[in-house]
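What follows is the residue order along each chain.
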Amino acid sequence: MSNLFDVSYYNLGVLGKNDFAAGTGFDPTTGRPTQFRSVGAPMGVWVGVRYSSQLL
Amino acid sequence: MFGGSFGRYALEAEGGGSRGAVDYFATANRVSSNGWARHNASRVAQVFGKVGYTSPQTRLTFSVTGAHNRLSGAQTLPLGMLTDPTQSYTWPDYATHHFAAFNATARHRLSGRAVLAGNLYFRRLLSHELDSNTNDGFNIALPVDGANSPGVNAVAESRATWWPTSMPVTGCPDAGGHSCR
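As the structure is a computational prediction, the values presented were derived from the model and not from experiment.

Rules of the game
- Residues numbered from 1 in each chain as written.
- Chains lettered and ligands numbered in written order.
- Predicted model: local features only at pLDDT ≥ 70, side-chain atom pairs only at ≥ 80, totals over all residues.
- Heavy atoms only, no water.
- Pairing = 2+ DSSP bridges.
- Helix = DSSP H or I, 4+ residues; strand = E, 2+ residues; numbered from the N terminus.
- Phe/Tyr/Trp six-rings, centres within 6.5 Å; stacked < 30°, edge-to-face > 60°.
- Buried < 20%, exposed > 50% of the residue type's maximum accessible area, 1.4 Å probe, protein only.
- Contact = heavy atoms within 4.5 Å.
- Buried area = accessible area lost by both parts, 1.4 Å probe.
- Salt bridge = Lys/Arg side-chain N within 4 Å of Asp/Glu carboxyl O.
- Nonpolar A, V, L, I, M, F, W, Y, C, P; charged D, E, K, R; others polar.
- Axes fitted to C-alpha atoms, helices over the stretch in contact; angles between N-to-C directions.

## Some details on the sheet that holds strand β1 (residues 10-18) of chain A
(1) Moving on: Ordered by their spatial adjacency, three strands build an open sheet running β1(A)-β2(A)-β6(B), and the pairing between neighbours is antiparallel. Each having just a single partner strand, β1 of chain A together with β6 (77-78) of chain B make up the two edges of the open sheet.
(2) Moving on: Of the strand pairs in this sheet, strand β2 (residues 32-39) of chain A and β6 of chain B are connected by two bridges, and their pairing is antiparallel. When the sheet's bridge partners are listed, R37 of chain A is paired in β6 of chain B with L77 of chain B.

## Re the packing of aromatic side chains
(1) Moving on: The full count for this structure, using the stated rule, is seven aromatic pairs over all chains.
(2) Moving on: Measuring from centroid to centroid gives 5.2 Å for F36 of chain A and Y89 of chain B, while their planes differ by 85°, and the two rings are edge-to-face. One end of the pair, F36 of chain A, is in strand β2; the other, Y89 of chain B, is in the loop between β6 and β7 (93-111), on a second chain.
(3) Moving on: On the basis of relative accessibility, which here comes to 7%, the residue F36 of chain A falls in the buried class.
(4) Moving on: Considering the side-chain rings of W46 of chain A and F6 of chain B, the 6.0 Å spacing of their centres and the 65° angle between planes classify their relative orientation as edge-to-face. Here F6 of chain B lies in the loop between β1 (2-4) and β2 (9-19) and W46 of chain A lies in strand β3 (residues 46-48), a pairing that spans two chains.
(5) Moving on: On the basis of relative accessibility, which here comes to 35%, the residue W46 of chain A falls in the partly exposed class.
(6) Moving on: A relative accessible area of 28% means that F6 of chain B is categorised as partly exposed.

## A few points about the interface of chain B and chain A
(1) Moving on: Of the residues lining the interface, 24 residues belong to chain B; the matching set on chain A comes to 27 residues.
(2) Moving on: Summed over the three residues of chain B that lose the most area to chain A, namely W36, T76 and Y89 of chain B, the buried surface amounts to 24% of that side.
(3) Moving on: At the surface where chain B touches chain A, the tally comes to zero salt bridges.
(4) Moving on: With three residues, β1 of chain B is the largest single contributor of residues to the side of chain B that touches chain A.
(5) Moving on: Split by residue class, the side of chain B that touches chain A holds 14 nonpolar, seven polar and three charged.
(6) Moving on: Taken together, the three bridges between β3 of chain A and β1 of chain B define a ladder with antiparallel strand orientation.

## A word on the sheet that holds β1 of chain B
The strands making up a sheet associate through backbone hydrogen bonding, with each pair oriented either parallel or antiparallel.
(1) Moving on: With respect to topology, nine strands assemble into an open sheet ordered β3(A)-β1(B)-β2(B)-β3(B)-β4(B)-β5(B)-β7(B)-β8(B)-β9(B), the strand pairing being antiparallel. Edge positions in the sheet fall to β3 of chain A together with β9 (151-162) of chain B, since each of these pairs with one other strand and no more. The average angle at which neighbouring strand axes cross in this sheet is 5°, direction not considered.
(2) Moving on: Pairing of strand β8 (residues 114-134) of chain B with β9 of chain B involves twelve bridges; the strand directions are antiparallel. Note that in β9 of chain B the partner of L126 of chain B across the bridge is R159 of chain B.

Pasting the structure below:
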């Protein structure tokens, strides 16, 4: 069983050219076609409080 | 209010009530996040307030709405960069919205069958969006300057202002005994 809580996921994928693929910084002439993926947000933890009263 | 991961917190407050013929309500909220990835922080601030006056023949209200938001987006990453998914391929990518609105309404019953009603408002929205991209035409052999930049940014900006388009004066004809609401 893997990824039981669905914490590793992608929510978008497109095809594009990676202009940093050559490992020598930015160079559009050595760009390589590749998948581009949009990574889903990881899990987080938030804690909150709510207060209400009759003021007037 | 809440707070937690990624520097994300929210504050929200609201209140309202009435005294005699006057009623009022106000709310404000603030959400802020540093984002779970780099260059991914967003801020939202919104306020709304309204006061009203009611008498047997008359109803008046005045409300104010405001927003000051900046939302940053996460881009797609090439497969080779997914080893650290908090990276950005290019940045910044964000949209800002600044909004203000004022609205006044009045309604007065002239007689059993006639009502005078009007609405006066002013709204203004300033939007700014920036999407950074790499420049396919960049030549690394040439010096970087205005004509040879590694990045090209798509910038969209809009300003919109609304003024009242109508001030309706509503009369209620005798509609077969139906009362005017």
